[in-house]
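# Secondary and tertiary structure notes
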Amino acid sequence: MNIHDLEAFVAVVETGSIVAASAQINLTQPGITRRIQNLEDSLGTILLDRQSKPLKPTAAGREAYEHGRRVLRSLDDLKAGVSPGGAVRGEFRLGIMPYLSEAALAVPLDRLRSRFPELTLRIVSGWSLHLMEQVARSGLDAVAVCLADGVSPPDDLVAENIGSHSVLLVASPSLGVPKAAKLEELSRFAFVMNETGCGFRAYIRHRFESARLPFQVAVEALSADLRLSLVARGLGIGIVTPAALAGSPWRHQVDVIDSVDFQPKVNAWVLHRPPAGRLAQPIATFTEALLEGLNGPAPFLS
């Protein structure tokens, strides 16, 4: 089996197209196609569903991708182990969820660039559940996610909890939400929330439905500032972190709801597959610096 064929296949799976994979590994499109065909011939099975757009792996292809990514990582570990001075090279694919702000990420990313100048950072953003799926199948090397209090990461991932953070319920005075509302009273009002796919939103829905109460979403919006502006206009109850509220221009137009039986929190985690290999030091550096960032004055964009 040719390693170059494996690299081409992994690139196609991760980019979703022959064109993007060609640009990523600096090879012609016919060359990418030929290498994938070589790999399929070696394994005796079809690895890509060529009718799908973007290209997706078959069931056998998904299995081949997971093993192939581990093989390529092992080769990177080998190169790093015998390189002069032990410099960490190659890629560090890092997933970060939208809750984490630039303020929280500035220190970790600057420190990574300073300590590992030959390491290429590839950063993607996504919701926690999607990021955990990607790191579990080796699509990412490490992820920084936020999970609702009481929700634990998968057991097959190395997980480091880097702090719990409170979340506030806020509403416009015109909405008429009691300032000391119980869960049942909160269920009478609609919410302004992140888009579907946010694990914290799923947790809140479960919390209401487990109490046999309705959970209504009036508006979905990704931008924290937009959500707070909608809450200030009385469109529903919002959920923000204290730091996000303190820095918002809408903070004086909303009240904090001191719920008696619903006080949500989120936990920040850094997750990766074992073993970390050559990326052990970069992951530790990122985790340590992220913890510092989260303890700063504005850790989240809620």
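A quick note: this is a predicted structure, and the numbers were derived from the prediction, not measured.

### Notes on the side chain of H272
Note that H272 resides in strand β12 (residues 265-272). If near-sequence neighbours (up to four positions away) are discounted, H272 is found in contact with V135, D141, A142, L157, V158 and I283.

### Some thoughts on the pattern of salt bridges
All told, the structure shown has 11 salt bridges when counted by the stated rule. A salt bridge links R93 to E14, with the nearest nitrogen and oxygen atoms 2.8 Å apart. Pair noted here: R93 is in strand β3 (residues 90-96) and E14 is in helix α1 (residues 3-15), with a separation of 79 residues, a long-range link. Using a relative accessible area of 5% as the deciding quantity, one classes R93 as buried.

### A word on the environment of G44
For G44, the position within the fold is in the loop between α3 (29-43) and β1 (48-49). Judged by relative accessible area, which is 66%, G44 ranks as exposed. Residues G44 and F200, 156 residues apart in the sequence, show an inter-C-alpha distance of 43 Å.

### Some remarks on the side chain of S128
Within the secondary structure, S128 sits in helix α6 (residues 128-136). Sequence-distant contacts of S128, that is, excluding residues within four places in its chain, are made with M97, V145, C146 and L147.

### Quick look at the nonpolar core
With 34 residues, the main nonpolar core has F92, F286 and L290 as its most contacted residues. Counting only elements with at least two residues in this core, the list comes to β3, α5 (102-115), α6, β5 (142-148), β12 and α11 (280-294). Apart from the residues lying within four places of it in its own chain, the contact partners of F92 are L112, L119, T120, L121, R122, D141, A142, L279, P282 and I283. Judged by nonpolar contacts, the second largest core, of 21 residues, contains L186, I204, L213 and I237.

Rules used throughout
- Residues numbered from 1 in each chain as written.
- Predicted model: local features only at pLDDT ≥ 70, side-chain atom pairs only at ≥ 80, totals over all residues.
- Heavy atoms only, no water.
- Helix = DSSP H or I, 4+ residues; strand = E, 2+ residues; numbered from the N terminus.
- Contact = heavy atoms within 4.5 Å.
- Salt bridge = Lys/Arg side-chain N within 4 Å of Asp/Glu carboxyl O.
- Buried < 20%, exposed > 50% of the residue type's maximum accessible area, 1.4 Å probe, protein only.
- Core = buried A, V, L, I, M, F, W, Y, C linked by side-chain atoms within 4.5 Å.

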